[in-house]
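Structural overview for review
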Amino acid sequence: MGQSGGGKPLLLPPDVTPDHVLGLVELLHSLGGRVDSMHIGDAISEDVRFLPHAIDVAEALGLIVQREGNLELTDLGRRVAEANPKTVRELLRRVSSKLEPIRSIVERLEEKGEMLAEEFMEHLQRCYSSDFERAMQNVLSWGAFLGLFKMDEDDERVLPIRPAERKRARGGPRA
């Protein structure tokens, strides 16, 4: 299903939001950190069609592992479940490069400082052949939630959020 460790980043499903992933992590935490994957759908009141994709994203981010038919929280998943919202964002921001197109958008923004809306949309169209509109809104939601990027108020450019802080976190020069 998902990915673990290194390797190629997982393409973010066009309909899996941060809330889906965090809800799954919080549910697993409330159930003791481990549950039979066959029974997880029973515990979720939300549309279960999102569940396999939310599991893939949570696994790609290193929040859960699938072991012997069970879903288990990792140490990172446990920290996310117990953290305050600011810390959750920081923890997820650190592993967000495991998701495409988040990774390539952030790389482009670090390289050029901005991304024209047309370039952003063309990039997303290459990633998502269908469900493009939903994917675009979802990728922007993830970018904003993680504090990585946002569309400007004129919908003309995608801009980094707090670029100086990210450079400091990577060991770059201080502003």
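Below is a summary of the structure that appears in this document. (Residues numbered from 1 in each chain as written. Predicted model: local features only at pLDDT ≥ 70, side-chain atom pairs only at ≥ 80, totals over all residues. Heavy atoms only, no water.)

Quick look at the sheet that holds strand β2 (residues 34-36) now. Strands sit in the order β2-β4-β3 across an open sheet of three strands; the sheet is antiparallel. At either margin of the open sheet sits one strand with a lone partner, and together these are β2 and β3 (64-67). Strand-to-strand twist of the sheet, defined as the mean angle between neighbouring strand axes without regard to direction, takes the value 20°. Bridge count between β3 and strand β4 (residues 70-73): four bridges; the pairing is antiparallel. Paired with Val 65 across the bridge in β4 is Glu 72. Here helix α3 (residues 51-60) sits on the sheet and contacts β3 and β4; the angle it forms with β3, its principal contact strand, is near 110°. (Pairing = 2+ DSSP bridges. Helix = DSSP H or I, 4+ residues; strand = E, 2+ residues; numbered from the N terminus. Axes fitted to C-alpha atoms, helices over the stretch in contact; angles between N-to-C directions. Contact = heavy atoms within 4.5 Å.)

Moving on, we come to helix α1 (residues 18-30). Across its 13 residues, α1 extends 18 Å between first and last C-alpha, which sits within 8% of the 18 Å expected from 1.5 Å per residue. Taken from the residues just after α1, Gly 32 is the one with a positive phi, measuring 95°. (Expected span 1.5 Å × (residues − 1).)

Ordered by their spatial adjacency, three strands build an open sheet running β6-β8-β7, and the pairing between neighbours is antiparallel. With one partner strand each, in any of the chains shown, β6 (115-116) and β7 (149-151) form the two edges of the open sheet. Examined bridge by bridge, β7 and strand β8 (residues 157-160) share three bridges and lie antiparallel to one another. Bridged to Lys 150 within β8 is Leu 159.

When a strand is regular, its side chains alternate between the sheet's two faces. Taken together, the two bridges between β6 and β8 define a ladder with antiparallel strand orientation. Note that in β8 the partner of Leu 116 across the bridge is Arg 157. What sits between the antiparallel neighbours β7 and β8 is a turn of five residues, in which Asp 155 has the positive phi angle 55°.

All right, on to the packing of helix α6 (residues 102-112) against helix α7 (residues 117-127) then. Put simply, α6 and α7 touch, their axes get as near as 11 Å, and they point 150° apart. Between α6 and α7, the crossing angle belongs to the class labelled roughly antiparallel. Once α6 is placed against α7, the crossing between them reads as right-handed. Residues Ser 104, Ile 105 and Arg 108 of α6 lie in contact with α7, whose contacting residues are Glu 119, Phe 120, His 123 and Leu 124. Split by residue class, the contact of α6 with α7 holds three nonpolar, two polar and two charged. (Parallel < 35°, antiparallel > 145°, perpendicular 65-115°, else oblique. Left-handed = near helix turned anticlockwise from the far one by under 90°. Nonpolar A, V, L, I, M, F, W, Y, C, P; charged D, E, K, R; others polar.)

If you walk through the whole model with that rule in mind, you get 12 salt bridges. Of the charged contacts in the structure, one is a salt bridge between Arg 94 and Glu 90, with a shortest N-O distance of 3.1 Å. In this pair, Arg 94 and Glu 90 are both assigned in helix α5 (residues 85-95), four residues apart and thus about one turn of the helix distant. A salt bridge links Arg 103 to Glu 107; the shortest N-O distance between them is 3.9 Å. With Arg 103 and Glu 107 both in helix α6 and four residues apart, this pair spans about one turn of that helix. Exposure remark for Arg 103: the relative accessible area of 31% places this residue in the partly exposed category. For Glu 107, a relative accessible area of 42% gives the class partly exposed. If you follow the salt bridges from partner to partner, you end up with Asp 15, Asp 131 and Arg 134 in one network. (Salt bridge = Lys/Arg side-chain N within 4 Å of Asp/Glu carboxyl O. Buried < 20%, exposed > 50% of the residue type's maximum accessible area, 1.4 Å probe, protein only.)

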